[in-house]
Amino acid sequence: MTMASRSRSSVLILLLIFSLVSGAHAGGVSSPDTPPSDGVNTSISADYFYSPTCSQCRQVRPLVDALAREYPQAGIRYREIYFNATNREIFRDVVDRYGIESETIPLLLLGTTALVGEKEIRDGLGPYVAPATMKRLDQSDIRLSLIRFAESGDRAYRSDTVSHNSPSSRGAEVTVASVLVAAAVDSVNPCAIAVLVVLLAYLTSLRDRKKLLGVGIVYIGTVFVVYLLSGLGFFAVVQTYGIAETVSTFAGLVAVAAGLVQMRDALLNRDGFSLSIPASKKAAIGRYVRRASIPSAVALAALVSVVELPCTGGMYLAVLGLLSSRMTFADGFLYLVLYNCVFVLPLAFILLGVYFGGSPDRVDAWRVEKRRGIRFAIGCVMLGLGGAMLLGLL
């Protein structure tokens, strides 16, 4: 064979190999290690929304972590929403776009599928990360079925399958107006006003307006701080242990019971109300009043905040139960600050009135005169609020 013939043969062989390779690719031949696309996008976008104080988030986190390990192409983004404002805005956008009734966590957005609550996430991800399944199916088949699942959206949010904890989808949304109404009603409670009036009456007798204003501000400020911190502590415990629904039900029962007692005492015109500051604590309160100093004002406010809980705690507990079952800690914090600002507002007005020449005796006379009506109104609001919580309307 001549040199020219050998050259032509080599060229023909190379062209044949090239055509076979090209034909294989054109015909869809794939590597055994590469799963057929079957028209499905082989990438998944995933966002996991959680909070460090959410017990359900901690329970499903190993499942999400397993998904991230087995399917790195999912590129799961972990989005903490309580302390990260950007993640919180993204979370709210997802809630709005998917028509989710309440801001419920944990939430996993996998492709176009939204899994909400512990049960949804476990049921949705379980088949793809369970060890038994991994042994039974080929990895590429599992990957493609997961992609189809993520893009199908057939397990997108359904209100009847949301897990019942942290926060719940049950009932209506808590609004600023509802919190304002509850705080305003609670703020005119005779128990909350009585001790301040006694303190101001004693301070007025000292004829020291500067001291009156200073002690009064410290007293009101301490009441605000004690109530706020107790509410935040309660909120954190409920969120951490995932007992929002249980607490909400208990708070509803307490509100109904306290409301009925308030209404009964008001209608029967009892001299001593069942829900009031215990008589055994009045002597200690009197001692702190007579000291009339900044430290005694702090101690007095802290003592009063604790011992008047039977009188004012029913409304606050109901609101706390409502907030902890509907909101994240970050949002609930703002509502609690608002509630307590309104709660101490009448106390601030009374202090300013007395400072500018008003009489504590006139305030106390008004308190005694309106006590029955105020108690009855508070009882009605508490009964309605507790009943609505128990019936699932709130």
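Per an unreviewed UniProt entry, the protein goes by the name Cytochrome c biogenesis protein and belongs to Methanofollis aquaemaris.

Participant: Could you clarify how one ought to interpret the UniProt feature "transmembrane region" (unreviewed entry) in the protein in this entry?
Facilitator: Within this numbering scheme, the UniProt entry marks residues 176-200, 212-235, 241-261, 297-320, 332-356 and 376-393 as carrying the feature "transmembrane region" (unreviewed entry). Across residues 176-200, the secondary structure splits into 92% helix and 0% strand, with the terminal C-alpha atoms separated by 32 Å. With 96% helix and 0% strand, residues 297-320 has end C-alpha atoms that lie 27 Å from one another.

Participant: What should I look at first to understand a nonpolar patch on the surface in this one?
Facilitator: On the surface, Leu345, Phe349, Leu352 and Phe356 cluster together to form a nonpolar patch covering roughly 450 Å² of accessible area. Here Phe356 lies in the loop between helix 14 (329-355) and helix 15 (360-390).

Participant: What exactly am I supposed to notice about the side chain of Asp47 here?
Facilitator: Tracing the backbone shows Asp47 in strand 1 (residues 46-50). With relative accessibility at 8%, the residue Asp47 sits in the buried group. Of the polar contacts made by the side chain of Asp47, one reaches the side chain of Arg77; its length is 2.9 Å. Every residue in contact with Asp47, bar those within four places of it in the chain, is listed here: Arg77, Arg79, Leu107, Leu108 and Leu109.

Participant: I would appreciate a short explanation of the sheet that holds strand 2 (residues 77-80) in the present structure.
Facilitator: For sheets, the rule is that strands pair by backbone hydrogen bonds, running either parallel or antiparallel. Read across the open sheet, the 4 strands follow the order 2-1-3-4; overall the sheet is mixed. The strands lining the two open edges of the sheet, one partner per strand, are strand 2 and strand 4 (113-116). Averaged over all pairs of adjacent strands, the angle between strand axes in this sheet comes to 15°, irrespective of strand direction. Relative to strand 4, strand 3 (residues 107-110) runs antiparallel, the two sharing 4 bridges. What sits directly across from Leu108, in strand 4, is Leu115. Here helix 2 (residues 55-70) sits on the sheet and contacts strand 1, strand 2 and strand 3; the angle it forms with strand 1, its principal contact strand, is near 160°. Across the sheet, helix 4 (residues 117-129) is in contact with strand 1, strand 3 and strand 4; its angle to strand 4 comes to roughly 130°.

Participant: In this structure, what is going on with unusual backbone geometry? I would like to understand it.
Facilitator: Backbone phi values are negative for most residues with the exception of glycine, while trans is the configuration of most peptide bonds. The omega torsion of the bond from Ile105 to Pro106 falls at 0°, within 30 degrees of zero and hence cis. By secondary structure assignment, the location of Pro106 is in the loop between helix 3 (85-97) and strand 3.

Participant: Hey, could you run me through helix 12 (residues 294-307) in this one?
Facilitator: Given 3.6 residues per turn, any residue in an α-helix points the same way as the ones three and four places further on. Look at helix 12: 20 Å from first C-alpha to last across 14 residues, which is about the 20 Å you get at 1.5 Å a residue. Ser296, Ala297, Leu300, Ala301, Val304, Ser305 and Val307 are the residues of helix 12 that are buried.

Participant: What exactly am I supposed to notice about the confidence of the model for the protein here?
Facilitator: Any segment with low pLDDT has predicted coordinates that should not be analysed in fine detail. Confidence along the protein averages 76 in pLDDT terms, with 74% of residues attaining 70 or more. Note that pLDDT drops below 50 for residues 14-41; the model gives that stretch 12 contacts with residues more than four away or on any other chain. Segment residues 155-170 is flagged for pLDDT under 50; beyond a separation of four residues in sequence, or across chains, it makes 61 contacts in the model.

Cut-offs used in this document
Residues numbered from 1 in each chain as written. Predicted model: local features only at pLDDT ≥ 70, side-chain atom pairs only at ≥ 80, totals over all residues. Heavy atoms only, no water. UniProt positions renumbered as here; feature names shortened; annotations may be inferred. Helix = DSSP H or I, 4+ residues; strand = E, 2+ residues; numbered from the N terminus. Patch = residues over 30% accessible without salt bridge, like charges linked within 9 Å, V, L, I, M, F, W, Y side chains within 5 Å. Areas by Shrake-Rupley, 256 points an atom, 1.4 Å probe, with all protein chains shown as cover. Salt bridge = Lys/Arg side-chain N within 4 Å of Asp/Glu carboxyl O. Buried < 20%, exposed > 50% of the residue type's maximum accessible area, 1.4 Å probe, protein only. Polar contact = N/O pair within 3.5 Å; in protein donor to acceptor, adjacent residues only side chain to side chain. Contact = heavy atoms within 4.5 Å. Pairing = 2+ DSSP bridges. Axes fitted to C-alpha atoms, helices over the stretch in contact; angles between N-to-C directions. Expected span 1.5 Å × (residues − 1). pLDDT = per-residue confidence, 0-100.

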